[in-house]
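Here's the letter readout for the chains.
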Protein chains: 2
Amino acid sequence: MDQMIDVETLRSRVIAVLEQFGAAPHAAKAVGGVIVDAERDACKSHGLYRLEGCLRVLQSGKMRGDATPTVHAGCGAIVEVEAHHGFSNAAFAAARDTLVARTRALGLAALVIRDCVHFSALWHEVEDLAQDGLAALSMCPSYAFVAPVGGHTPLMGTNPLAFGWPRPDSDPYVFDFATSVAARGEIELHRRAGTPIPEGWAVDRDGAPTTDPQTALDGAMLPFGAHKGSAISTMIELLAGAMLGERMSREALEFMGDGGTLVPRHGALIIAMDPAVFAARSGRDPLAQGEVLLDAFGAQGARLPSQRRFQARAVSLRDGIRLSGSEMAQLEQFEREGPAMFDA
Amino acid sequence: MDQMIDVETLRSRVIAVLEQFGAAPHAAKAVGGVIVDAERDACKSHGLYRLEGCLRVLQSGKMRGDATPTVHAGCGAIVEVEAHHGFSNAAFAAARDTLVARTRALGLAALVIRDCVHFSALWHEVEDLAQDGLAALSMCPSYAFVAPVGGHTPLMGTNPLAFGWPRPDSDPYVFDFATSVAARGEIELHRRAGTPIPEGWAVDRDGAPTTDPQTALDGAMLPFGAHKGSAISTMIELLAGAMLGERMSREALEFMGDGGTLVPRHGALIIAMDPAVFAARSGRDPLAQGEVLLDAFGAQGARLPSQRRFQARAVSLRDGIRLSGSEMAQLEQFEREGPAMFDA
């Protein structure tokens, strides 16, 4: 039976479970916060559903839940944070104030997250920066499941791209999407249901289009938007992989190996910009200009990305989060049994 | 009858014509260079075909071909250049060395081009920076011809996005595309030919899909890649319009008015990154890592963006550029008649 749970109560319980499984308090707070925020926003794919994976990875020995991120502030426009095999969210939390200060000082700055375990959606970080008045672009590689347009062998990840823009009187403008045409999980759902996938999602091992989910999983997923999306996915691989000197998607897939536990270990890149500094010489108010565009979207009935998420958030903050009986039972099992439950 | 002309000969003649029509030598060199480079690379849509428009704009009084760009180097990560109603290319040429130096010093820097007339493709600038070892992202608004997904009224431009990445032993990785699904000129060609446009290119005034080119031109073009492309186009409008305090696509369209002469007057944003600085702490060679990915593209037969352009360039540099009889006749008319030819 479904149960309602207060957002902050769920947050405390998820953080406590993460600590119980070996995450340091700062790391548990960061990654648990992102999981609960996604659940609050009705992003089920990045919500409580992700907790078990996090706990398994904590137990796998392939990451360090107790790592303390090291911030290298340097003196240029690049702030770096070494995650030391810890969660990306903990690394971001450790470096975000330095990034914000540097961005305000120089107008533009980048945060390089090194050697992190990347479980979360990117919208969380760009929304956080937009709430502080900054525009931000975020990207990272993932696992090589996607072939370039015209190819047949997976070379790129589903490489998410996120962007946030501050709005003075409402929730920020935020988008966050995979640069593959679909998520791998969606293909898996079709496989289990025995239904074909839509055309354009994937190719077989020889590069021929396929609508069979198993053939797609054995072949390669495709980027969104044909050659344009393929180019953007390639750019993400170059900027957030090669440029940082961190793992690219092919290496991340090799690192994961066949062991079963998904350990998304690579780097991430965030570019933050201060509109107030960029616009200063123009004499115009950049955020007011943004409102002209975004208000006009609404006036013609076009939905803004993340709009549904912000609406779900308002409901969750008012009424609490609805969890299914099995979701609640699983949370209680984590709390009751602790790390021993994965020993079997 | 077709004629072959040497690249440098064509360059000198185009530059001389631009000067004859009122462009200052530095501006003629910059914009003429971009036009001839596009023609050399078989990018006909941005080649010699654009010269007449440039000359008409020079004569329109809506721009200043003799403007001297002012570089504001500042001391942060933002370099600004005021084009003073001159060509964007001249402004870029004036500021690019400052941008390169700032990027090498800080790891990351942005170039803001203010109040320019923007005739060219963006690949030229990112290729130039990539030839100097930098990764670069470039974007600008254009005219409001594109509706957001779910809408029906044009609010955004065809907003191009370009990216360049240096390759040690070959032409850089460069892409440059409109974030609309098609170019406006392609719809116009269908209208003239009386053929329908493909589904997904445009909607009518009420937001309903259309394949009729005139209905499309009266309605709105669509972004590439559905809601993902729509989000990217929105981002370009916000970053390269609102954030800079420069005209957004709707204002650029209003500025152009009904006068007929196309004067694409707005700003542009270039973000340059130095992979050597970004990767320094990793101990890896970022360009060598990029090669692993890009070589693997080639190995499976996937074409890289701009590959066809670089191949055409090699042929043009060896054999010269092939111009049609009418292209050559028009060039000769510009040379013979000068600005007086637009008086009629």
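Quick caveat, the model's predicted, so the values are computed rather than measured. (Residues numbered from 1 in each chain as written. Chains lettered and ligands numbered in written order. Predicted model: local features only at pLDDT ≥ 70, side-chain atom pairs only at ≥ 80, totals over all residues. Heavy atoms only, no water.)

## Comments concerning the environment of Pro-154 of chain B
All names here are of chain B.
And step 1. As for its position among the elements, Pro-154 is in the loop between strand 5 (135-139) and strand 6 (160-165).
And step 2. C-alpha of Pro-154 to C-alpha of Asp-6: the two residues are 148 residues apart in sequence and 42 Å apart in space.
And step 3. In this structure Pro-154 touches Ala-144, Phe-145, Val-146, Ala-147, Gly-219 and Ala-220, once residues within four positions along its chain are discounted. (Helix = DSSP H or I, 4+ residues; strand = E, 2+ residues; numbered from the N terminus. Contact = heavy atoms within 4.5 Å.)

## Here we look at the relation of the copies chain A and chain B
And step 1. Superposition of chain A onto chain B requires a rotation of 180 degrees combined with a translation of 0.0 Å along the rotation axis, giving an RMSD of 0.0 Å. Such a turn and shift between the copies fits a two-fold axis. Minimal C-alpha separation from the rotation axis in chain A is found for Gly-225 of chain A, amounting to 2.1 Å.
And step 2. Mapped onto chain B, 100% of the interface residues of chain A again fall at the interface, so both copies present the same surface. (Least-squares fit on C-alpha atoms with pLDDT ≥ 70 in both.)

## Quick look at the pairing of strand 3 (residues 78-82) of chain B
Residue and element names in this part refer to chain B.
And step 1. Among the five residues of strand 3, five are classified as buried, and the element is accordingly described as predominantly covered.
And step 2. Here strand 3 shows two buried faces, one formed by Ile-78, Glu-80 and Glu-82 and the other by Val-79 and Val-81.
And step 3. Looking at chain direction, strand 2 (residues 70-72) and strand 3 are connected through three bridges and run antiparallel. Residue pairing across strands places Thr-70 opposite Glu-82, the latter belonging to strand 3.
And step 4. Turn length for the strand 2-strand 3 hairpin, with the two strands adjacent in sequence and antiparallel, is five residues, and the turn residue Gly-74 shows positive phi of about 55 degrees.
And step 5. The pairing of strand 3 with strand 4 (residues 108-117) spans five bridges and is parallel. Following the sheet pairing, Val-81 is matched in strand 4 by Ile-113.
And step 6. Note that the unit made of strand 3, helix 4 (residues 88-106) and strand 4 has a crossover that is right-handed. (Buried < 20%, exposed > 50% of the residue type's maximum accessible area, 1.4 Å probe, protein only. Pairing = 2+ DSSP bridges. Right-handed = clockwise from strand over helix to strand, strands pointing away.)

## Thoughts on the pairing of strand 11 (residues 265-273) of chain A
Residue and element names in this part refer to chain A.
And step 1. Within strand 11, nine of the nine residues are buried, which leaves the element mostly enclosed by the surrounding structure.
And step 2. Note: strand 4 (residues 108-117) against strand 11, eight bridges, orientation antiparallel. Bridging across to strand 11, Cys-116 finds its partner in His-266.
And step 3. Pairing between strand 5 (residues 135-139) and strand 11: five bridges, direction antiparallel. Paired with Ala-135 across the strands is Met-273, a residue of strand 11.

## Some words on the interface of chain A and chain B
And step 1. The interface of chain A with chain B comprises 73 residues on the first partner and 73 residues on the second.
And step 2. Summing the contributions of chain A and of chain B, the shared interface buries around 5900 Å²; its carbon and sulfur component is 72%.
And step 3. Counting the surface chain A buries against chain B, the share from its top three residues, Met-243, Phe-278 and Gln-300 of chain A, is 13%.
And step 4. Between chain A and chain B we count four salt bridges in total.
And step 5. Linking chain A with chain B are 24 residue pairs in polar contact (both at pLDDT 80 or more), by the criterion used here.
And step 6. Ranked by residue count, the leading element in the side of chain A that touches chain B is helix 8 (residues 226-242) of chain A, at 10 residues.
And step 7. The residue makeup of the side of chain A that touches chain B, split by class, is 46 nonpolar, 17 polar and 10 charged. (Buried area = accessible area lost by both parts, 1.4 Å probe. Salt bridge = Lys/Arg side-chain N within 4 Å of Asp/Glu carboxyl O. Polar contact = N/O pair within 3.5 Å; in protein donor to acceptor, adjacent residues only side chain to side chain. Nonpolar A, V, L, I, M, F, W, Y, C, P; charged D, E, K, R; others polar.)

## As for unusual backbone geometry
And step 1. The backbone of His-85 of chain A shows a phi angle near 70 degrees, a positive value even though the residue is not glycine.
And step 2. You can see His-85 of chain A is positioned in the loop between strand 3 (78-82) and helix 4 (88-106).
And step 3. In this structure, Ala-226 of chain B takes a positive phi of about 50 degrees despite not being glycine.
And step 4. Tracing the backbone shows Ala-226 of chain B in helix 8 (residues 226-242).
And step 5. Judged by relative accessible area, which is 46%, Ala-226 of chain B ranks as partly exposed.

## Things to note about the packing of aromatic side chains
And step 1. Under the counting rule described, the total for this entry stands at 19 aromatic pairs over all chains.
And step 2. With 6.2 Å between their ring centres and 85 degrees between their planes, Phe-21 of chain A and Phe-334 of chain A make a pair best called edge-to-face. With Phe-21 of chain A in the loop between helix 1 (7-20) and helix 2 (25-40) and Phe-334 of chain A in helix 13 (residues 325-337), this residue pair connects regions lying 313 residues apart in the sequence.
And step 3. Among the residues examined, Phe-334 of chain A registers a relative accessible area of 1% and is labelled buried.
And step 4. The interplanar angle of 15 degrees and the centroid separation of 5.1 Å between the aromatic rings of Phe-175 of chain B and Phe-177 of chain B together place this pair among those described as stacked. Residues Phe-175 of chain B and Phe-177 of chain B agree in their burial class; the two are buried. (Phe/Tyr/Trp six-rings, centres within 6.5 Å; stacked < 30°, edge-to-face > 60°.)

## Concerning the sheet that holds strand 11 (residues 265-273) of chain B
Hydrogen bonds between backbone atoms are what pair the strands of a sheet, whose relative direction is either parallel or antiparallel.
All names here are of chain B.
And step 1. The seven strands lie next to each other as 2-3-4-11-5-6-7, forming an open sheet whose pairing is mixed. In the strand order of this sheet, the two ends are held by strand 2 and strand 7 (173-178), each with one partner. Put simply, the sheet's adjacent strands are angled 15 degrees from each other on average, direction ignored.
And step 2. Of the strand pairs in this sheet, strand 6 and strand 7 are connected by six bridges, and their pairing is antiparallel. Residue pairing for strand 7: Leu-161 is matched across the bridge by Phe-177.
And step 3. Set on the sheet, helix 5 (residues 123-131) makes contact with strand 5, strand 6, strand 7 and strand 11; between it and strand 6 the angle comes to about 15 degrees.
And step 4. Lying on the sheet, helix 8 is in contact with strand 5, strand 6 and strand 11; it crosses strand 5 at an angle near 90 degrees. (Axes fitted to C-alpha atoms, helices over the stretch in contact; angles between N-to-C directions.)

These values are about where atoms sit, not about what they do.
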